[in-house]
Amino acid sequence: LGVDWNVIFLLFSMMVIINIMRPTGIFEYIAIRSAKFAKGRPFMIMAVFSVVTAVLSAFLDNVTTVLLIAPVTLLICQALELDVVPFLITEALASNIGGTATLIGDPPNIMIASRAQLDFMAFIYNLAPVVIIILAAYVITLRFIFGSRMTVKEELRRRVMAMDEKEAIKDPVLIRKALIVLGLTMTGFVLHGMLHMEPATIALAGAATLLLVSRIKEPHHIFSEVEWTSLFFFVGLFIIIGGVVKVGLITWMSVKVLEITQGNLFATSMVVMWFSAFASAFIDNIPYVATMNPLIIDMAKQLWPSLQGTALLHHPDLMPLWWSLALGACLGGNGTAIGASANVIVVGMAEKMGSPISFKRFMLYGMPLMIESVIISMIYVWLRYYVLNI
């Protein structure tokens, strides 16, 4: 059928783990601690929340991260009498930046890893350095955009400092168990190449272990909160892309791309990155990457027809194309409100909170910051893979 079950079961397992952790209050605790760390200063709260969101999104999926952080953000903004919209937008953008750094951070990376047979550490080694640079530039840019506009009265700051983060903790025993299981699962992701196990197998083992040790009597509500519509969307998408590959459309597209770039792989990687960024801004990056994966593999087959398997997929000259696709697709999602799932979730939550975000307003923040991040990525790919060749 062409369905990539590694992607499906990895997403399912991480959803189960997060659904078990959500009621414990650990994420609310982190958010309140972050606000107090920032001393109740509005811009510092925005910067700290952005960094926390990015880090969490690297190890959880970015949709889950914004779902957990957004309600506490509203609580903090109400205490400080601030407009919550800029905070929500910056957190959505930060979640997409952070999710770019790891195999499990963003669905496009999971899909690329499965098709290109790349392990967890390959993403850390190749993408985490540039994501750190992009995140630093992002926070500095936010300072220029919002730094002078955010001021609050001293008594409102004291209101935030008086919040007790310990009250957010609902189940400390389950938190300890969940953090241990999550830590072991992450270790499994790092070592999955040595263990000769797929990331999905490790994630399923982690989810099953947490279900057992949490001693939840009725796990039905955990499974009912899994985003089944998203999982079946993936299944349907894989079937459609499999059909597109069979009829030869992908081969035709790969020939055209190579004709445009005249076989120059640096030019091809730049075209892939920038086209991916702008395409992902207006088309959800998940179906886009599902289409691009077989296209890159077909280009590789035309360039090196004698190679097969990992020798073809991991050809040194092909690797920059995989990283360009990941950077373009994940970061390009920041361009508009419909570019990434996390953006759509934030816009929906803002409307429920009574602070609707227009498409135009999101784009005014997102598009310049997206272009900034892709420029940094372009320089990084050029320096690392074509100048320094490391």
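Position labels on residues start from 1 in each chain and follow its written sequence. Owing to the predicted nature of the model, reporting of local features is limited to residues with pLDDT of at least 70; listing and counting of side-chain atom pairs is limited to 80 or more, with chain, interface and lining totals taken over all residues. Only hydrogens and water are removed before side-chain values are computed, so all heavy atoms of the structure are retained for them.

Here we come to the side chain of Ser 57. Strands here are runs of E lasting at least two residues and helices are runs of H or I lasting at least four, both read from the DSSP assignment and numbered beginning at the N terminus. Relative to the helices and strands, Ser 57 resides in helix 3 (residues 42–59). Within 3.5 Å is the distance limit for a polar contact, defined as a pair of N or O atoms, with the added protein rule that one can donate a hydrogen and the other accept it, and that residues adjacent in sequence qualify only through two side-chain atoms. Within the local environment of Ser 57, its side chain forms a polar contact with the side chain of Thr 65, the two groups lying 3.5 Å apart. If we skip the residues at most four places from it in the chain, Ser 57 touches Asn 62, Thr 65, Ser 95, Gly 98, Gly 99 and Gly 105. Residues are treated as being in contact if the distance between any of their heavy atoms lies within 4.5 Å.

The space that makes up the largest pocket amounts to roughly 300 Å³. In terms of lining residues, the largest pocket is bounded by 20 residues, among which Val 63, Pro 107, Glu 227, Ser 230 and Ser 341 are the most central. Of all the secondary-structure elements, those providing two or more residues to the lining of the largest pocket are helix 1 (5–21), helix 4 (62–80), helix 6 (107–116), helix 12 (228–246), helix 15 (285–303) and helix 18 (341–352). All amino acids are sorted into three groups, where Ala, Val, Leu, Ile, Met, Phe, Trp, Tyr, Cys and Pro are nonpolar, Asp, Glu, Lys and Arg are charged, and the leftover types, Gly among them, are polar. In terms of residue class, the lining of the largest pocket is made up of eleven nonpolar, six polar and three charged. As defined here, a cavity is a set of points on a 1 Å grid over the protein atoms alone where a 1.4 Å probe fits but cannot get out. A pocket is an open set with protein on both sides within 12 Å along at least five of seven lines, and residues line them when an atom is within 4 Å of a point. Grid points are joined across faces, edges and corners, and a volume is the space filled by probe spheres set on the points.

Okay, empty space enclosed by the protein next. Inspection of the entire model under this criterion finds one cavity of 30 Å³ or more. Counted as a void, the largest cavity has a volume near 50 Å³. For the largest cavity, the full set of lining residues is Leu 10, Leu 11, Met 14, Leu 60, Asp 61, Ile 104 and Ile 110. Element by element, the count of residues in the lining of the largest cavity is highest for helix 1, at three residues. Residue composition of the lining of the largest cavity, grouped by class: six nonpolar, no polar and one charged.

With that out of the way, let us pick up the packing of aromatic side chains. Under the pairing criterion, centres of Phe, Tyr and Trp rings, with the six-membered ring standing for Trp, must be within 6.5 Å; the plane angle then separates stacked pairs below 30 degrees from edge-to-face pairs above 60, leaving the rest tilted. Under the criterion given, the structure shown has ten aromatic pairs. The interplanar angle of 40 degrees and the centroid separation of 5.4 Å between the aromatic rings of Phe 146 and Tyr 365 together place this pair among those described as tilted. Taken together, the residues Phe 146 in helix 7 (residues 120–146) and Tyr 365 in helix 19 (residues 359–387) connect sequence positions 219 residues apart. Tyr 365 shares its class with Phe 146; the two are buried. Taken together, the ring pairs connect Phe 12, Phe 223 and Trp 228 into an aromatic cluster. A ring has a charge above it when a Lys NZ or an Arg CZ is no more than 6 Å from the ring centre and no more than 35 degrees off the ring normal. Here the guanidinium or amino end of Arg 384 rests over the ring plane of Tyr 125, the centre of that ring lying 4.4 Å away. Buried, partly exposed and exposed residues are distinguished by accessible area as a fraction of the type maximum, computed with a 1.4 Å probe on protein chains only: under 20%, between the cut-offs, and over 50%, respectively.

Bringing the pattern of salt bridges into the picture now. Note on definitions: salt bridges are taken to be side-chain nitrogens of Lys or Arg within 4 Å of carboxyl oxygens of Asp or Glu. Inspection of the entire model under this criterion finds one salt bridge. Close ionic contact of Asp 83 with Arg 361 constitutes a salt bridge, the shortest N to O distance being 3.1 Å. Of this pair, Asp 83 sits in the loop between helix 4 and helix 5 (85–99) while Arg 361 sits in helix 19, and the two are 278 residues apart along the sequence. A residue is classified by how much of its surface remains accessible, and Asp 83, at 39% relative accessible area, is partly exposed. The exposure class of Arg 361 is partly exposed, given its relative accessible area of 27%.

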